Structure formats: structure tokens, C-alpha cells
Amino acid sequence: DTGVSQDPRHKITKRGQNVTFRCDPISEHNRLYWYRQTLGQGPEFLTYFQNEAQLEKSRLLSDRFSAERPKGSFSTLEIQRTEQGDSAMYLCASSPRTGYAYGYTFGSGTRLTVV
Amino acid sequence: AQKVTQAQTEISVVEKEDVTLDCVYETRDTTYYLFWYKQPPSGELVFLIRRNSFDEQNEISGRYSWNFQKSTSSFNFTITASQVVDSAVYFCALIPQGGSEKLVFGKGTKLTVNP
């Protein structure tokens, strides 16, 4: 088990383009979380999945953002019509059950730069 | 609503000094969990400790120790005999038990240990 894997590690895109990030959680973990971290700030919750069901979404997840976890394994986070304010580190985490009881394992993140 | 405050934005020490990172939290929940994570320049959040609100025992793990005081809503982290490898951003985080799976982070404290 190699931990939570995120791809790509870095992404530079032009404003207005769409981008998609992928997260592969630890295989036996049924909970998967997305967070966004801007420079100098702590991570902020975006959304979480239990298996394939998206159970909670933050108001930070605007209409331009969509996340999926189609088979309860890997997840994708898509940002449409990117804006400069979307520049951030996007972190994925997973947990075998409820995160507060079992802990969260984070990936190394995808750093997005919108130019 | 939950809130975590890490008042120290940056701390710089010389190797072998002891250093304490402060964390103050706010929550109306009676049962909650507190976490500390380390974020080295690579970006991955590394789990350090989880503590539930009913366990006020201090904990020591090698050079690391944690002081949890419900009376002052604080969960401070001390590194004894700091080393250059301790240089990182450290985050304190809070989540109530039950309900939302949103982990609320502080803004982090950047620790620099100079040789």
C-alpha cells in the first residue's frame, strides 16, 4: 500500500480552461475527501465521499467545480472555466471509516496555477 | 461553528532549542477530536496526533509532546531539542464527533529550525 496518490503533482493552465485532477485513495478506505489550500492558509474542506456517494459539499464548491467517485475507488475533481482565484493546492485524503475516529491520510496534493 | 486559531504565523529557532506551537480552538460540541499535522515543503500532510475531547492526558512521543487543556480550549505542541528536519508548517485541526466530516484547520505555524 503506497498511500494516497494524486495526479498530476503540478498543473499550469490558462484562465478559462478546464482541468481535472485524480486521487487514488488507500485501497480499503471507503471515505475520500477533497480539500483546497491557498498560500499561507490551512486546508479548507471541499467535499467528501463515502464509497461512490457524495455526502457533503462545502459552499466553496461552486458550480464550476464537480467531483466524482464513480466506482467508489478513485475520485476526480474537475474545475471548469478556471479563474486565477482557483490557484491553490488541492489535497485529497482518505479514511477507512469516519475520519475523526480512524484518522485521515493525505496525499501530496496537486498544485494548480492559473495564468 | 468550529474555529481553530494558531496565532503564531512563523517561528524561528536555533537547533536544539525547545519550541511550543500554540493552538486554541472554539466549538460548542462536547465531543470532538483534535489533530496536529506536519506539512513539509513536499506538500503532504503528515499525521502527528489525534486526541479526543474526553482524554486530557498529555502525550509524549519521542521529542514531541502535546498539552491538551479543555479549560482553556488549547492543544499545544512542543518539540524538544529541535532539529533542522523539524522545519515545516504545522497545522492544528478540529472535528466534532458525528454529523459533518469537515476537518477545520488553523492557518498553520511555519517553523524554521536553523543549524
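Further up the page is the structure itself.
Residues numbered from 1 in each chain as written. Chains lettered and ligands numbered in written order. Predicted model: local features only at pLDDT ≥ 70, side-chain atom pairs only at ≥ 80, totals over all residues. Heavy atoms only, no water.

Peer 1: Even after reading the chapter, I still don't get the overall build of chain B, so can you show me in this structure?
Peer 2: Secondary structure summary: chain B contains zero helices and twelve strands in total. N-terminal to C-terminal, the α/β element order of chain B is β-β-β-β-β-β-β-β-β-β-β-β. When the 115 residues of chain B are sorted by exposure, 44% land in the buried category. Counting contacts in chain B only where the partners sit at least 6 residues apart, residues at least 24 apart contribute 56% of the total. For chain B, the accessible surface area stands at approximately 5700 Å², while carbon and sulfur atoms represent 47% of it. Charge centroids of chain B, computed over 11 positive and 13 negative side chains, lie 4 Å from each other. (Helix = DSSP H or I, 4+ residues; strand = E, 2+ residues; numbered from the N terminus. Buried < 20%, exposed > 50% of the residue type's maximum accessible area, 1.4 Å probe, protein only. Contact = heavy atoms within 4.5 Å. Areas by Shrake-Rupley, 256 points an atom, 1.4 Å probe, with all protein chains shown as cover. Lys, Arg positive; Asp, Glu negative; His and termini not counted. Charge placed at Lys NZ, Arg CZ, Asp CG, Glu CD.)

Peer 1: For this particular structure, what's the right way to read the interface of chain B and chain A?
Peer 2: Reports often express the size of an interface as the amount of accessible area lost when the parts come together. Contact residues are listed per partner, giving 21 residues for chain B and 24 residues for chain A. Carbon and sulfur atoms make up 53% of the area that chain B and chain A hide from each other, which totals about 1800 Å². Three residues, Leu45, Glu101 and Lys107 of chain B, lead the burial of chain B against chain A; their summed loss comes to 32% of the area buried on that side. In this structure, the connection of chain B to chain A is made through one salt bridge. (Buried area = accessible area lost by both parts, 1.4 Å probe. Salt bridge = Lys/Arg side-chain N within 4 Å of Asp/Glu carboxyl O.)

Peer 1: What is the right way to read the environment of Cys92 of chain A from this model?
Peer 2: All names here are of chain A. In this fold, Cys92 is placed in strand S9 (residues 88-95). Once the C-alpha coordinates of Cys92 and Leu46 are considered, the two residues, 46 residues apart in sequence, prove to be 9.9 Å apart. Ignoring any residue separated from it by four or fewer positions in sequence, one finds Cys92 in contact with Val4, Gln6, Cys23, Leu32, Tyr33, Trp34, Thr105, Phe106 and Gly107.

Peer 1: Quick question: what am I supposed to make of the packing of aromatic side chains here?
Peer 2: Aromatic rings considered in pairs are described by the distance between their centres and by the relative angle of their planes. Residues and elements named next belong to chain B. Scanning the entire structure with this criterion turns up 23 aromatic pairs over all chains. Ring geometry for Trp36 and Phe77: centres 5.3 Å apart, planes at 50°, overall tilted. Taken together, the positions of Trp36 in strand S5 (residues 32-39) and Phe77 in strand S9 (residues 74-79) put the pair 41 residues apart, joining distant regions of the chain. Residues Trp36 and Phe77 agree in their burial class; the two are buried. (Phe/Tyr/Trp six-rings, centres within 6.5 Å; stacked < 30°, edge-to-face > 60°.)

Peer 1: Sorry, what's going on with the pattern of salt bridges here?
Peer 2: Opposite charge on two side chains makes pairing possible when the charged atoms of those side chains draw close. In total, this model carries seven salt bridges over all chains according to the counting rule given. Here Arg64 of chain A and Glu83 of chain A are joined by a salt bridge, their closest N and O atoms 3.4 Å apart. Taken together, the residues Arg64 of chain A in the loop between strand S6 (53-57) and strand S7 (65-68) and Glu83 of chain A in the loop between strand S8 (75-79) and S9 connect sequence positions 19 residues apart. A relative accessible area of 11% places Arg64 of chain A in the buried class. Residue Asp55 of chain B pairs with Arg51 of chain B through a salt bridge whose shortest N-O separation is 2.6 Å. Given the relative accessible area of 6%, Arg51 of chain B is considered buried.

Peer 1: Can you walk me through the sheet that holds strand S3 (residues 19-24) of chain A in this structure?
Peer 2: Residues and elements named next belong to chain A. The four strands lie next to each other as S1-S3-S8-S7, forming an open sheet whose pairing is antiparallel. Among the strands making up the open sheet, the edge pair consists of strand S1 (5-7) and S7. In this sheet, neighbouring strand axes are inclined to one another by 15° on average, regardless of whether the strands run parallel or antiparallel. Inspection of the sheet shows S3 paired to S8 by five bridges, in the antiparallel sense. Residue Arg22 lies in a different strand from S8, and its bridge partner there is Thr76. (Pairing = 2+ DSSP bridges. Axes fitted to C-alpha atoms, helices over the stretch in contact; angles between N-to-C directions.)

Peer 1: Explanation requested: unusual backbone geometry in the structure shown.
Peer 2: Trans peptide bonds make up the majority, and among non-glycine residues the majority have a negative phi. Residue and element names in this part refer to chain A. Here Asp7 and Pro8 are connected by a cis peptide whose omega angle stands at -5°. The topology assignment puts Pro8 in the loop between S1 and strand S2 (10-13). The phi angle at Arg81 is positive, at roughly 50°, despite the residue not being glycine. With respect to the element layout, Arg81 can be found in the loop between S8 and S9. Taking relative accessible area as the criterion, Arg81 reaches 47% and is therefore assigned partly exposed.

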